[in-house]
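Chain by chain, the residues run as shown.
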Amino acid sequence: MFTVIKRMEISASHKLVLPYRSKCASLHGHNWIITVYCRSTRLNSEGMVVDFTRIKEVVTEKLDHQNLNEVLPFNPTAENIARWVCKQIPQCYKVEVQESEGNIVIYEKDYTSGEEKDHTAREEQE
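What comes next is a walk through the structure. (Residues numbered from 1 in each chain as written. Predicted model: local features only at pLDDT ≥ 70, side-chain atom pairs only at ≥ 80, totals over all residues. Heavy atoms only, no water.)

### Side note on unusual backbone geometry
Most peptide bonds take the trans configuration, and most residues that are not glycine carry a negative phi. Look at His65: it is not a glycine, yet its phi comes out positive at around 55 degrees. By the secondary structure assignment, His65 is in the loop between α1 (52-63) and β3 (66-67). Classification of His65 by relative accessible area gives exposed; the value is 62%. (Helix = DSSP H or I, 4+ residues; strand = E, 2+ residues; numbered from the N terminus. Buried < 20%, exposed > 50% of the residue type's maximum accessible area, 1.4 Å probe, protein only.)

### Here's the deal with the environment of Asn69
Within the secondary structure layout, Asn69 lies in helix α2 (residues 68-71). In this view, Asn69 contacts His14, Lys15 and Pro76; residues no more than four positions away in its chain are not counted. Engagement of the side chain of Asn69 in a polar contact is seen with the backbone nitrogen of Lys15, the distance being 2.8 Å. (Contact = heavy atoms within 4.5 Å. Polar contact = N/O pair within 3.5 Å; in protein donor to acceptor, adjacent residues only side chain to side chain.)

### A look at the state of the cysteines
Enumeration according to the criterion identifies 0 disulfides in this entry. Free of any disulfide, Cys86 has its nearest neighbouring cysteine sulfur in Cys92, separated by 3.4 Å. Relative accessible area serves as the criterion here: at 0%, Cys92 is assigned to the buried category. (Disulfide = S-S within 2.5 Å.)

### Quick look at the packing of aromatic side chains
With the rule as written, the count across this model stands at 1 aromatic pair. Taking NZ or CZ as reference, Lys94 lies 4.4 Å from the ring centre of Tyr37, over its face. (Phe/Tyr/Trp six-rings, centres within 6.5 Å; stacked < 30°, edge-to-face > 60°. Lys NZ or Arg CZ within 6 Å of the ring centre and 35° of its normal.)

### Thoughts on the pairing of strand β1 (residues 2-14)
Pairing of β1 with strand β2 (residues 28-40), which is carried by 13 bridges, proceeds in the antiparallel orientation. Bridge pairing in β2 links Ala12 to His30. Here β1 pairs with β3 via 2 bridges, running parallel. Residue pairing for β3: Ser13 is matched across the bridge by Asn67. (Pairing = 2+ DSSP bridges.)

### What to know about helix α3 (residues 78-88)
With 8 of 11 residues buried, α3 lies mostly within the body of the structure. Where α3 is concerned, the buried positions are Ala78, Glu79, Asn80, Ile81, Ala82, Trp84, Val85 and Cys86.

Next up, the structure:
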């Protein structure tokens, strides 16, 4: 089994659509750290699980220095961003999205039941 891990830092703004009052409903920015985990038992014809450049194209070129509300078709929570990144790369099984020092989301595909399931964990520190 081969595992590829690509860690990237992007700067992007967003505002959240929430049913309650929150300062996150105003436009604000983060220096996000996004870590993508890909796995395969076989290498492609170039001898890779996935090209690091392909991962960078999906994340950095689409999201860096953007208003995420304008480039993503959903409420840009860290959870939704992690799931979206994972679905863009077929070999990806896990994505970590860190929007600040103490706020990290982990999205992970679950194959144990024979079908793909979504699991999102949220770590928050004040």
